[in-house]
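Results of the structural survey
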Amino acid sequence: QKEVEQDPGPLSVPEGAIVSLNCTYSNSAFQYFMWYRQYSRKGPELLMYTYSSGNKEDGRFTAQVDKSSKYISLFIRDSQPSDSATYLCAMTGNTDKLIFGTGTRLQVFP
Amino acid sequence: KAGVTQTPRYLIKTRGQQVTLSCSPISGHRSVSWYQQTPGQGLQFLFEYFSETQRNKGNFPGRFSGRQFSNSRSEMNVSTLELGDSALYLCASSSVGRTDNEQFFGPGTRLTVL
């Protein structure tokens, strides 16, 4: 079993929809949780960063962490075609080694 | 400020050969991490270098090695290439190499092993 599980998708939604992306993990030592966005032929870029449990909002993006359930989510409101990309969750404890999910491919059609 | 650069962008090799990939971090960044990305396994951590020292290592065989120079530029070497080494190799830099510092990724080197 992988330390981090992420549904690979693809997820196809119409423009304006609310998108929910999720990851589950098994290592209770994880404290730092991140979401990266990767466009085709590009490296990942950090979207959201959360420490421990709770919610964090940045514009149309909201990251949620539920450590008791070992479950993290990224919500995208009013999704746009420009949001079409692969979204990767990543997490770590105190080892400085980031563990990534396999990524969910999102397609937002006009 | 220029981003992370990786050379070459694309590489085709045959089994048994060796390959060296290069990464130039953002100016002032002293930590460089390397990752392998494949469709089935996703992004897997290879190793991290900080101030010319390997600080963290992933679960890859000894055929994968790296080094960092005094100007923070880093190279990654893979010897005795196997078909399964075909992947996108990503380099990321951060200012102090801690998880609470954002890692900035380069565009990657696409390695194909025939």
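Data block above holds the structure.
All figures in this text were calculated on a predicted structure; none of them were measured in a lab.

**Examining the side chain of Gln6(B)**
All names here are of chain B. Take Gln6: it is sitting in strand β1 (residues 5-7). Judged by relative accessible area, which is 5%, Gln6 ranks as buried. Of the polar contacts made by the side chain of Gln6, one reaches the backbone nitrogen of Cys91; its length is 3.1 Å. Within the structure, the side chain of Gln6 is placed 2.9 Å from the backbone nitrogen of Gly108, a separation counted as a polar contact.

**Describing the pairing of strand β6 (residues 53-57) of chain B**
Residue and element names in this part refer to chain B. Of the pairings in the sheet, the one linking strand β5 (residues 42-50) to β6 comprises 4 bridges and is antiparallel in character. The partner of Phe50 across the bridge, within β6, is Thr53. Following β5, the chain reverses through 2 residues before pairing antiparallel with β6; Ser51 in that reversal takes a positive phi of roughly 50°.

**Focus: the pattern of salt bridges**
Residue and element names in this part refer to chain B. Following the criterion strictly, the structure yields 8 salt bridges over all chains and no others. With a closest N to O distance of 2.9 Å, Glu48 and Arg55 form a salt bridge. Glu48 sits in the buried class, given a relative accessible area of 2%. Since its relative accessible area comes to 35%, Arg55 is described here as partly exposed. Salt-bridge contacts for Glu75 lead to Arg73; the nearest nitrogen and oxygen are separated by 3.4 Å.

**Let's talk about the packing of aromatic side chains**
A full pass over the atoms with the stated rule returns 12 aromatic pairs over all chains. Aromatic side chains Tyr25(A) and Phe30(A) sit 5.8 Å apart centroid to centroid with 55° between the ring planes, which places their arrangement in the tilted category. Take Tyr25(A) and Phe30(A): they sit in the same class, and that class is buried. A ring pair is formed by Tyr36(A) and Phe100(A), whose centres lie 5.5 Å apart and whose planes are at 50°; its orientation type is tilted. Taken together, the residues span a long stretch of sequence, with Tyr36(A) in strand β4 (residues 32-38) and Phe100(A) in strand β10 (residues 99-100) at a distance of 64 residues. Here Tyr36(A) matches Phe100(A) in class, with each residue buried. When the ring centre of Phe50(B) is taken as reference, the NZ or CZ atom of Arg55(B) above it lies at 4.5 Å.

**So, the pairing of strand β9 (residues 87-94) of chain B**
Two faces belong to every sheet, and in a regular strand the side chains alternate between them. All names here are of chain B. In terms of burial, β9 is largely enclosed, as 8 of its 8 residues are buried. A two-sided burial pattern is seen for β9, the buried positions comprising Ala87, Tyr89, Cys91 and Ser93 on one face and Leu88, Leu90, Ala92 and Ser94 on the other. Bridge analysis of strand β4 (residues 31-38) against β9 gives 7 bridges, and the strand direction is antiparallel. Bridge pairing in β9 links Ser33 to Ala92. Where β9 lies against strand β11 (residues 109-113), 3 bridges are found, and the strand directions are antiparallel. Its bridge partner being in β11, Leu88 is matched across the sheet by Arg110.

**Re the sheet that holds strand β3 (residues 19-24) of chain B**
Residue and element names in this part refer to chain B. Spatially, 4 strands are ordered β1-β3-β8-β7 in an open sheet, and the strand pairing comes out antiparallel. Each edge of the open sheet is held by one strand with a lone partner, namely β1 and β7 (64-68). This sheet shows a mean twist of 20° between the axes of neighbouring strands, independent of strand direction. As paired strands, β1 and β3 are joined by 3 bridges and run antiparallel to one another. Bridge pairing links Thr7 to Ser22 in β3.

**Some points on a positive patch on the surface**
Taken together, Arg41(A), Lys42(A), Arg9(B) and Arg110(B) make up a surface patch of like positive charges. In this fold, Arg41(A) is placed in the loop between β4 and β5 (45-51). For Arg41(A), a relative accessible area of 65% corresponds to the exposed category.

Reading the values: the criteria
- Residues numbered from 1 in each chain as written.
- Chains lettered and ligands numbered in written order.
- Predicted model: local features only at pLDDT ≥ 70, side-chain atom pairs only at ≥ 80, totals over all residues.
- Heavy atoms only, no water.
- Helix = DSSP H or I, 4+ residues; strand = E, 2+ residues; numbered from the N terminus.
- Buried < 20%, exposed > 50% of the residue type's maximum accessible area, 1.4 Å probe, protein only.
- Polar contact = N/O pair within 3.5 Å; in protein donor to acceptor, adjacent residues only side chain to side chain.
- Pairing = 2+ DSSP bridges.
- Salt bridge = Lys/Arg side-chain N within 4 Å of Asp/Glu carboxyl O.
- Phe/Tyr/Trp six-rings, centres within 6.5 Å; stacked < 30°, edge-to-face > 60°.
- Lys NZ or Arg CZ within 6 Å of the ring centre and 35° of its normal.
- Axes fitted to C-alpha atoms, helices over the stretch in contact; angles between N-to-C directions.
- Patch = residues over 30% accessible without salt bridge, like charges linked within 9 Å, V, L, I, M, F, W, Y side chains within 5 Å.
- Areas by Shrake-Rupley, 256 points an atom, 1.4 Å probe, with all protein chains shown as cover.
- Lys, Arg positive; Asp, Glu negative; His and termini not counted.
- Charge placed at Lys NZ, Arg CZ, Asp CG, Glu CD.

In short, geometric facts, not functional conclusions.
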